[in-house]
Amino acid sequence: MQEVAADATVGLGGRLLRRLLGREESAPMVEAAVMDVAEDPADEDRLAALRLQIRKAAAADSQLAVELSQMLASAGVTITASGGRSVAGQTISGVVITGDGGQVTR
């Protein structure tokens, strides 16, 4: 199940990136920012620089902004619990107990 989710995420990322790089005016800056993030994905400054380049590209091209928004919206959220006593949820704000004889004391 995790493989399917990972494949979907990578697929969406690839489609978004191809669309961003298809805009000649911003492609060099987006590509450079992507390469920086690829070198160190945990670097918050590099991630912020990529977000900035994406925002700039979308601000300069309203059609691009609409297309990116539609791509993200169509991806939706998929949550899957697999296996005995599994729990899944987009947001869980309370106690979750699996198993026999679980107790919560408040």
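Residues numbered from 1 in each chain as written. Predicted model: local features only at pLDDT ≥ 70, side-chain atom pairs only at ≥ 80, totals over all residues. Heavy atoms only, no water.

Moving on, we come to the pattern of salt bridges. Applying the stated criterion across every chain, the model contains five salt bridges. In this structure, the salt-bridge partner of E67 is R19, at a minimum N-O distance of 2.4 Å. Taken together, the residues E67 in helix α4 (residues 62-75) and R19 in helix α1 (residues 2-21) connect sequence positions 48 residues apart. Close ionic contact of D43 with R46 constitutes a salt bridge, the shortest N to O distance being 3.3 Å. When its relative accessible area of 25% is taken as the criterion, R46 is described as partly exposed. Through salt bridges with shared partners, a single network forms among R23, E25 and D61. (Salt bridge = Lys/Arg side-chain N within 4 Å of Asp/Glu carboxyl O. Helix = DSSP H or I, 4+ residues; strand = E, 2+ residues; numbered from the N terminus. Buried < 20%, exposed > 50% of the residue type's maximum accessible area, 1.4 Å probe, protein only.)

Our next topic: the nonpolar core. Ranked by size, the top nonpolar core spans eight residues in total: L12, L16, L20, V30, A57, L64, L68 and M71. Elements with a contribution of two residues or more to this core: α1 and α4. Not counting chain neighbours up to four residues away, the residues in contact with L20 comprise S26, A27, V30, I54, A57, L64 and L68. (Core = buried A, V, L, I, M, F, W, Y, C linked by side-chain atoms within 4.5 Å. Contact = heavy atoms within 4.5 Å.)

With that settled, the discussion passes to the environment of R55. Along the chain, R55 falls in helix α3 (residues 44-60). Owing to a relative accessible area of 54%, R55 belongs among the exposed residues under this scheme. In sequence terms R55 and A65 are 10 residues apart; their C-alpha atoms lie 8.6 Å from each other.

This part covers the packing of helix α2 (residues 27-39) against α3. Any two packed helices are characterised by how steeply their axes cross, that is the angle between the axes, and by the distance between the axes. Interhelical geometry of α2 versus α3 gives an angle of 160° and a closest axis separation of 9 Å. In terms of their interaxial angle, α2 and α3 are classed as roughly antiparallel. Between α2 and α3 lies a crossing whose hand is left-handed. Here M29, V30, A33, V34, D36, V37 and E39 of α2 lie close against α3, whose contacting residues are R46, L47, A49, L50 and Q53. Within the contact of α2 with α3, the residues separate by chemical class into eight nonpolar, one polar and three charged. (Axes fitted to C-alpha atoms, helices over the stretch in contact; angles between N-to-C directions. Parallel < 35°, antiparallel > 145°, perpendicular 65-115°, else oblique. Left-handed = near helix turned anticlockwise from the far one by under 90°. Nonpolar A, V, L, I, M, F, W, Y, C, P; charged D, E, K, R; others polar.)

Following both chains from N to C, one finds α3 and α4 inclined at 120°, their axes separated by 5 Å at the closest point. Here α3 lies oblique to α4, going by the angle between them. Of α4, the residues touching α3 (which contributes A57, A58 and A60) are S62, L64 and A65. A per-class count over the contact of α3 with α4 returns five nonpolar, one polar and no charged.

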